[in-house]
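Per-entry structural report
Here are the chains, one letter per residue:
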Amino acid sequence: LDLSTFFLGRPLTAPLMNASGVWCNVNSQLHALAESEAGAMVTKSCTLLRRDGNPEPRYHTLTMGSINSMGLPNEGHQYYLDYAERHDYENKPLFFSVAGLTLDDNLTIVAQIQDAYTPALLELNLSCPNVPGKAQIAYDFDALDVILAEISSAYSRPFGVKLPPYFDIAHFDEVADILNRYEKVNFITCINSIGNGLMIDMESETVLIKPKQGFGGIGGEYVLPTALANVNAFHQRCPKKSIIGCGGVNTGEHVFMHLLAGASIVQVGTALYEQGPDIFVRLKAELAQIMQEKGYKTIREFQGKLKTL
Ligand SMILES: O=C(O)c1[nH]c(=O)[nH]c(=O)c1I
């Protein structure tokens, strides 16, 4: 059974990778991902300088997922550039996530990625919901247009964007129209966490995380239907771009659904956080089992072929 797939012409041994922010903050974690059965991997979204992030507790497991308000803790962009220089690209592709706090910071970081001649693929994070006082760029359509114009002219290679979930067909239409104006945007990662959820501890009658009065991004199985919708919506609207699916993946069935909905690669966040990089062994086996039962020999036979009634 061939679980390998292609992304931007690169062969991947499996259509699986981590979601940015999970198991990818420091070298030991990045090394574990490089050694894992994942077919690709991505670094934690970085800012120009190192950040501690929000006060703890800032992540909490929920019955069907997670809530987080990490606050963009990261080692600063140079740390991840240093990792990118050492990464073995024959082993698996590396994606480099950037979430600069300002447009200038993003341009500075992207210029340094360009000058580093690294084979890493830029995933521009436009959807961090947890930096107090900073609205998500991807929910401000004018700001989205501006940053894509600026990055497209500053960066000479193809890149991708990490989008938040949208919940309105008109928004799918409007954002896809903007993205389709930028041919250098050749992949779209849907979705980031569903921003600013709230969960409550019944016994203590308090919230679960300290930052933002307990408000944080929701991940895990709660978000699967929203993730599949966003993957399929942009797959339909952006035929010249590849979709990376993210959200709610914990079994081979979830991986299959994301691929059927149009994803080329499937990212794993909450379940990876909880179970560690061995999860990719299980997900590959479960996906292979499903493909065997359905008589599919390659992913291409069903990828993006979701049927409607
Ligand atoms: O709080 C975070 O660090 C964070 N948390 C998320 O759920 N998504 C993001 O893109 C980020 I940058």
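A brief look at the structure comes next.

1. Side note on the side chain of Asn 130
Checked against the element boundaries, Asn 130 lands in the loop between β8 (121–125) and α4 (141–154). Residue class for Asn 130 comes out buried when judged on its relative accessible area of 3%.

2. Observations concerning the sheet that holds strand β4 (residues 41–42)
Pairing is parallel across the open sheet formed by eight strands, whose spatial order is β3-β16-β15-β10-β9-β8-β7-β4. Each edge of the open sheet carries a strand with a single partner, namely β3 (16–18) and β4. Sheet topology places strand β7 (residues 94–98) next to β8; four bridges connect them, and they run parallel. Bridge pairing in β8 places Phe 96 opposite Leu 122. Together, β7 and β8 form the strand contacts of helix α3 (residues 103–115), whose direction differs from that of β7 by roughly 155 degrees.

3. Some remarks on the packing of aromatic side chains
Within the structure shown, the criterion is met by 13 aromatic pairs. Ring centres of Phe 7 and Phe 95 lie 5.6 Å apart, and the angle between their planes is 55 degrees; this geometry places the pair in the tilted category. Here Phe 95 lies in strand β7 and Phe 7 lies in strand β1 (residues 5–7), a separation of 88 residues in the sequence. Each member of the pair, Phe 7 as well as Phe 95, is classed as buried. With 5.9 Å between their ring centres and 85 degrees between their planes, Phe 172 and Phe 234 make a pair best called edge-to-face. Of this pair, Phe 172 sits in helix α5 (residues 169–179) while Phe 234 sits in helix α6 (residues 224–237), and the two are 62 residues apart along the sequence. Each member of the pair, Phe 172 as well as Phe 234, carries the same accessibility label: buried.

Calculation notes
Sequence order as written defines residue numbering, which begins from 1 separately in each chain. Local features in a predicted model are, by the rule used here, given only for residues with pLDDT of at least 70; side-chain atom pairs are given and counted only at 80 or more, and totals for whole chains, interfaces and linings are based on all residues. Neither water nor hydrogens contribute to the side-chain values; these are computed over all heavy atoms in the structure. The numbering of helices and of strands both runs from the N terminus, where a helix is a DSSP run of H or I of at least 4 residues and a strand a run of E of at least 2. Each residue is placed in one exposure class: buried if its accessible area under a 1.4 Å probe, protein chains only, is under 20% of its type's maximum, exposed if it is over 50%, and partly exposed if it falls in between. By the convention used here, strands pair only if DSSP detects at least 2 bridges between them. For this analysis, residues touch if any pair of their heavy atoms sits within 4.5 Å. Axis geometry follows a simple rule: fit a line to the C-alpha atoms, using only the stretch in contact for helices, then measure angles between N-to-C directions, giving values from 0 to 180 degrees. A pair of aromatic rings is counted whenever rings of Phe, Tyr or Trp (Trp by its six-membered ring) have centres within 6.5 Å, and the orientation is called stacked for planes under 30 degrees apart, edge-to-face for over 60 and tilted otherwise.

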